[in-house]
Amino acid sequence: LFGIPAHTTELVTKLAARSGAPVWFCIAERREGGRGYRIHLLPAPADIADPEHGVAALNRGVEAVIRRWPEQYWWSYRRYRRQPPGQPKLYPKP
């Protein structure tokens, strides 16, 4: 995700491959002043069901959503908490 190894589930890719169902991103954009939400549906990248490239496609889709609505992303979520062996930890220890 954004060029950094991220904790990304394979479940979406596996379900898409198994079912053949189209995958959509559903974004609940918080409206100003707590006046509810605006719902957006965006198609996922076409290769999201590909067993080899699906997780990367999922990350590309998440990146596109974050770039479009950065103020809506839950930035405190620790997507980079698990790094490959030998890579530095990106979060301080609690």
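Residues numbered from 1 in each chain as written. Predicted model: local features only at pLDDT ≥ 70, side-chain atom pairs only at ≥ 80, totals over all residues. Heavy atoms only, no water.

## Some remarks on the packing of aromatic side chains
To be explicit about the condition: Stacked, tilted and edge-to-face are the three classes applied to pairs of Phe, Tyr and Trp rings, where Trp contributes its six-membered ring and a pair requires centres within 6.5 Å; stacked means planes under 30 degrees apart, edge-to-face means over 60, and tilted covers the rest. Only protein chains enter the accessibility calculation, which uses a 1.4 Å probe; a residue whose area is less than 20% of its type maximum is buried, one above 50% is exposed, and one in between is partly exposed. Criterion for a charge above a ring: Arg CZ or Lys NZ at most 6 Å from the ring centre, at most 35 degrees from the ring normal.
Overall, the coordinates contain 2 aromatic pairs when judged by the stated rule. Ring centres 4.8 Å apart and planes at 75° place the aromatic pair tyrosine 73 and tryptophan 75 in the edge-to-face group. On the accessibility criterion, tryptophan 75 (54% relative accessible area) is exposed. The ring of tyrosine 91 is capped by arginine 78, whose NZ or CZ atom sits 4.2 Å from the centre of that ring.

## Thoughts on helix H2 (residues 54–68)
Our working definition: Per the convention used, a helix needs a DSSP run of H or I reaching at least four residues, while a strand needs a run of E reaching at least two, with both numbered from the N terminus. Here the expected length of a helix is defined as 1.5 Å per residue gap, with one fewer gap than residues. Here a residue-residue contact requires only that any non-hydrogen atoms of the pair lie within 4.5 Å.
With 15 residues, H2 extends 21 Å between its outermost C-alpha atoms, agreeing within 8% with the 21 Å of an ideal straight helix rising 1.5 Å per residue. Within the span of H2, buried status applies to Gly54, Ala57, Leu58, Asn59, Gly61, Val62, Glu63, Val65 and Ile66. Tucked into the core, H2 has its buried residues touching helix H1 (11–19), strand S1 (24–30) and strand S2 (37–43).

## Regarding the pattern of salt bridges
Threshold: Any carboxyl oxygen of Asp or Glu that lies within 4 Å of a side-chain nitrogen of Lys or Arg is treated as forming a salt bridge with it.
Under the definition given, this model contains 4 salt bridges. Glutamate 10 serves as the salt-bridge partner of lysine 14, at 3.5 Å between the closest nitrogen and oxygen. With its nearest N and O atoms 3.6 Å apart, the salt bridge here joins arginine 67 to glutamate 63. In this pair, arginine 67 and glutamate 63 are both assigned in helix H2, 4 residues apart and thus about one turn of the helix distant. Judged by its relative accessible area of 57%, arginine 67 falls in the exposed class. What makes glutamate 63 buried here is its relative accessible area of 14%.

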